[in-house]
Amino acid sequence: MQERLSRLAQLPRGRRGTLLVALTLLALALRLAWGWGALAHDLSLVDQGDYASYRQAARHFLKRGDFNNSHFLVRPPAFPLLIALAGQNVTLIITFNALIGTLLTPLTWLLARRLALGQGSALLAALLVAVDPLGIRYTAFLGPGSLAFVGALAMMLGLVALVQARTQGRVFLWAVFAALMLLLSVYARPSIYALPLILVLWLLWTSRRHWPAIVVFALISLAGMQLWVNHNAAVFGNPTFSTVGTWTLAWYRAVPVLRLATGMSVQESEAQVLAAVQARIGGDPMSANRHDWLAAGPEVEQALLGVSLEIFRDHPFAWLATFPTGFLRLYGLVPPLSPRSEVFNPVHYPLLLWNWSLMLLAVVGLWRLLRERHWIVFWCLFLIIAYFSAGTLLVKSAGMIGRESRIVLPFLAIAALYGAPWLLARLRGRGK
């Protein structure tokens, strides 16, 4: 592998550029082929139930020109606006998402080069992103993934460029760029919401001399997110960026914990949580429907949060026990569970092998970076992977099939390309 990487690195610059363009076109072709093919075969392959609420939000915007529909309390506006731009045409939406998702391939190459990977390794990291099966599926999908993934990756590219910049002008340009890309990601999917606080601390530790630009990044990011919080407070009386986190915590975290701790069925566990929430807010438990609380007011949000935390406090060992299984589901390391698939269906084995190989090589790469004290590269990759892993698992341990983890795919790919050559070299050395 080292010899192949060396040959790639020795190619003329024009040839390397041609290879990157070819990888980008390959990524686009794979996404369009999957998206259009899946859409023609079965809509459920490109929609797992969330699209309806995004579509309702888009329809409201097209009709009224504002964000005052309750769906916007759950779903930030970026993806509904894309649906509106596409005229609610699902084929066009898939095409837009595929085009946006394709940008992950060249952006991965750019970040890899910024993080000191060689030309050959950077191209291979881009190739991993281009052909990753789950990455293809969820960037040619009726969901906000493409916008969120590209925004997060471009944000980190901007922050690394900020750290490496040598002139004040460029430092501030990269700070503004990174903040805007963060806002693109959070207005598509709110999962990145708390990351700026961690990144600002990392930036101040890594590049204290650029503190004015870091402050600019923080202010634009926080002000941009606060605009949507203020909107929700003014329109819905709930000063939150999105209610989806608290709702998910109750039904995809607390319910599995309760089920594991008590041995109840999913339906029984859900009924108990429903009754507990209704007891806090008042009302008849028999008339309650958990989906009615997705766009929740402050009182319902507090009840959902309180009931969830009470379950975790009462069953701490069950809460801890759900983390390993949640992690395996998050990264697609176990066969997907759905009514249409069997746990031991051999058709899942190639995907499982791919996901396990990528994860193990990424772990080796992070270990190598830590051992050799490549601090900037290590923290750049580790913070993103750890944030989205921990953040997801704190609010969700059930209902995951790998979609939530694809936002860290480029970072896993870069880490894997730090790990694979290093591991192969040591295996060869032991053989000799």
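Above: the structure in question.
Below: a short report on this structure.

The rules behind these values
- Residues numbered from 1 in each chain as written.
- Predicted model: local features only at pLDDT ≥ 70, side-chain atom pairs only at ≥ 80, totals over all residues.
- Heavy atoms only, no water.
- Helix = DSSP H or I, 4+ residues; strand = E, 2+ residues; numbered from the N terminus.
- Buried < 20%, exposed > 50% of the residue type's maximum accessible area, 1.4 Å probe, protein only.
- Lys, Arg positive; Asp, Glu negative; His and termini not counted.
- Salt bridge = Lys/Arg side-chain N within 4 Å of Asp/Glu carboxyl O.
- Polar contact = N/O pair within 3.5 Å; in protein donor to acceptor, adjacent residues only side chain to side chain.
- Contact = heavy atoms within 4.5 Å.
- Phe/Tyr/Trp six-rings, centres within 6.5 Å; stacked < 30°, edge-to-face > 60°.

Now for the side chain of Arg253. The topology assignment puts Arg253 in helix α14 (residues 244-262). The side chain of Arg253 sits in the buried core without any salt bridge; Glu404 is the nearest counter-charge, 12 Å away. A polar contact of 2.4 Å, which involves the side chain of Arg253, links it to the side chain of Thr322. Not counting chain neighbours up to four residues away, the residues in contact with Arg253 comprise Thr248, Phe312, Trp319, Thr322, Phe323, Leu393, Leu394, Val395, Lys396 and Ser397.

A few words now on the packing of aromatic side chains. Summed over all chains, the structure comprises 19 aromatic pairs. Centroid distance Trp205 to Trp379: 6.2 Å. Interplanar angle 90°. Geometry classified as edge-to-face. Here Trp205 is found in helix α12 (residues 195-206), whereas its partner Trp379 is found in helix α19 (residues 375-395), with 174 residues between them in sequence. By relative accessible area, Trp205 is classed as exposed at 52%. Residue classification places Trp379 among the partly exposed residues on the basis of a relative accessible area of 26%. Where Phe312 meets Trp319, the ring centres are 6.2 Å apart and the plane angle is 40°; that geometry is what we call tilted. Among the aromatic residues, those joined into a cluster by ring pairs are Phe61, Phe67, Phe72, Tyr187, Tyr193, Trp228 and Phe241.

Turning our eyes to something else, we now look at unusual backbone geometry. One non-glycine residue, Ala116, adopts positive backbone phi at about 75°. Inspection of the secondary structure assignment puts Ala116 in the loop between α7 (104-114) and α8 (119-131). Using a relative accessible area of 62% as the deciding quantity, one classes Ala116 as exposed. Its identity as a non-glycine residue notwithstanding, Arg373 has a phi of 60°, on the positive side. With respect to the element layout, Arg373 can be found in the loop between α18 (349-371) and α19.

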